[in-house]
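# Geometric and topological summary
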Amino acid sequence: MTFVVLILCNQVYHSTLLAAEAYSSPSIIMSHRYGDERIIIDDYREAYYWLKKNTEPDAKIMSWWDYGYQITGMANRTVLVDNNTWNNTHIATVGKAFASTEEEGAQIARHMGADYVLVIFGGLTNFSGDDISKFLWIIRIAAGVYPQVKEDSFYRNKKYSIGQDGSETLLNCLMYKLIYYRFDEMHTKRDEEPGYDSVRKQVVGNKNIKLQHFEEAYTTDRWLVRIYRLKPLPEMDPKMESRHGSATKALPISKKMAMPSF
């Protein structure tokens, strides 16, 4: 009888430890142990707080649907898609934006009313559940509605790779550029060159990425959450020289294209 009681007490103790670990590490806050030290990764909450304090109250955020409820609840900002998956076309359109070139992706984002874009990247912290890991599923959802999105074009020699052997379509799509922008400057492993992705175990294949339609607004300390501002169209217009030689900004497209009245 004593032996049975000891087993039951041990089971209760073990279950309590597991429950404490599980409930003290919800999905928005991650933790891992480094030896005897417990490290808390709070990048999600950090990024959502930044959105709440540094963006306009009516700003709209484009991200993959996984983070929609969190952004709405913690940042109090409108999202294009959230965890309510009933509108598959809307979700596929966001997927198409990420799978397209930067220019086309920006056009789609503007059409949907986005002001900021948020992506999740774990290559610095060795977090494997980031957007580049789930990107093939994003592509497949987009391809289910938009046949012009071809999953095969994101492979090279039947391989999905973010390195130099990656496909040109992948290395130049919007998701890749937002994920790896400036990452080639980062040292993540002592015996590897800058830009080494600790999840994919490769050095990025597209270095020195230049963004034309987006600008980096905020990146968390561990690079887990990256937020970009979508430049309004007037900012995209090139400057032109006036007759007097001083540079002036071009008129918005709508005004430049207006027909003169007679």
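Conventions and cut-offs
- Residues numbered from 1 in each chain as written.
- Predicted model: local features only at pLDDT ≥ 70, side-chain atom pairs only at ≥ 80, totals over all residues.
- Heavy atoms only, no water.
- Helix = DSSP H or I, 4+ residues; strand = E, 2+ residues; numbered from the N terminus.
- Buried < 20%, exposed > 50% of the residue type's maximum accessible area, 1.4 Å probe, protein only.
- Areas by Shrake-Rupley, 256 points an atom, 1.4 Å probe, with all protein chains shown as cover.
- Salt bridge = Lys/Arg side-chain N within 4 Å of Asp/Glu carboxyl O.
- Pairing = 2+ DSSP bridges.
- Core = buried A, V, L, I, M, F, W, Y, C linked by side-chain atoms within 4.5 Å.
- Contact = heavy atoms within 4.5 Å.
- Expected span 1.5 Å × (residues − 1).
- Arc of directions from axis to C-beta.

## Topic: the overall build of the protein chain
Each helix and strand counted, the protein chain has 10 helices and 11 strands in total. Taken over 262 residues, the protein chain has a buried fraction of 40%. For the protein chain, the computed accessible surface area is about 15300 Å², with 54% contributed by carbon and sulfur atoms.

## Concerning the pattern of salt bridges
Going through the model one piece at a time under the given rule, you end up with 14 salt bridges. Of the charged contacts in the structure, one is a salt bridge between R200 and D130, with a shortest N-O distance of 2.8 Å. Taken together, the positions of R200 in the loop between β6 (196–197) and β7 (202–203) and D130 in the loop between β5 (116–120) and α6 (135–145) put the pair 70 residues apart, joining distant regions of the chain. Like R200, the residue D130 is buried in the burial classification. Within the structure, one salt-bridge network assembled from shared partners comprises R182, E185, E216 and R226.

## Some thoughts on the sheet that holds strand β9 (residues 225–230)
Spatial ordering of the open sheet is given by β4-β3-β5-β9-β8, a layout of five strands whose pairing is mixed. The open sheet has two free edges, formed respectively by β4 (78–79) and β8 (214–219), since each of these has just one partner strand. The pairing of β8 with β9 spans five bridges and is classified as antiparallel. Among the inter-strand pairings, E216 is bridged to a residue of β9, identified as Y228.

## A few points about the nonpolar core
Judged by nonpolar contacts, the single largest core of 65 residues is most densely connected at F98, L118, F135, Y176 and Y180. If near-sequence neighbours (up to four positions away) are discounted, F135 is found in contact with F98, A99, F154, Y160, L170, C173 and M175.

## Looking at the pairing of β5
The element β5 is extensively covered by neighbouring structure, given that five of its five residues are classed as buried. Here two bridges tie strand β3 (residues 60–62) to β5, and the two strands are oriented parallel to one another. When the bridges of β5 are listed, I61 appears paired with Y116. Taken together, the five bridges between β5 and β9 define a ladder with antiparallel strand orientation. In the strand pairing of β9, L118 is matched with I227.

## What about unusual backbone geometry?
Its identity as a non-glycine residue notwithstanding, K201 has a phi of 60 degrees, on the positive side. Turning to its location among the elements, K201 is positioned in the loop between β6 and β7. Although it is not a glycine, N208 sits at a positive phi angle of roughly 55 degrees. Mapped onto the secondary structure, N208 falls in the loop between β7 and β8.

## A look at helix α2 (residues 43–54)
Counted at 1.5 Å a residue, the expected span for α2 with its 12 residues is 16 Å, and the 16 Å between its end C-alpha atoms agrees. Buried within α2 are the following residues: D43, Y44, A47, Y48, W50 and L51. All buried residues of α2 lie within an arc of 155 degrees about the axis, which places them on one face of the element. Relative to its buried face, α2 has exposed residues pointing more than 90 degrees away, namely Y49 and K53.

## Observations concerning helix α3 (residues 68–75)
Every buried residue belonging to α3 is among G68, I71 and A75, and all of these are buried. Along the long axis of α3, the arc covered by the buried residues comes to 85 degrees, so they all point the same way. Where α3 is buried, its residues contact α2, β3, β4 and β5. Among the residues trailing α3, N76 stands out with phi positive, at a value near 55 degrees.

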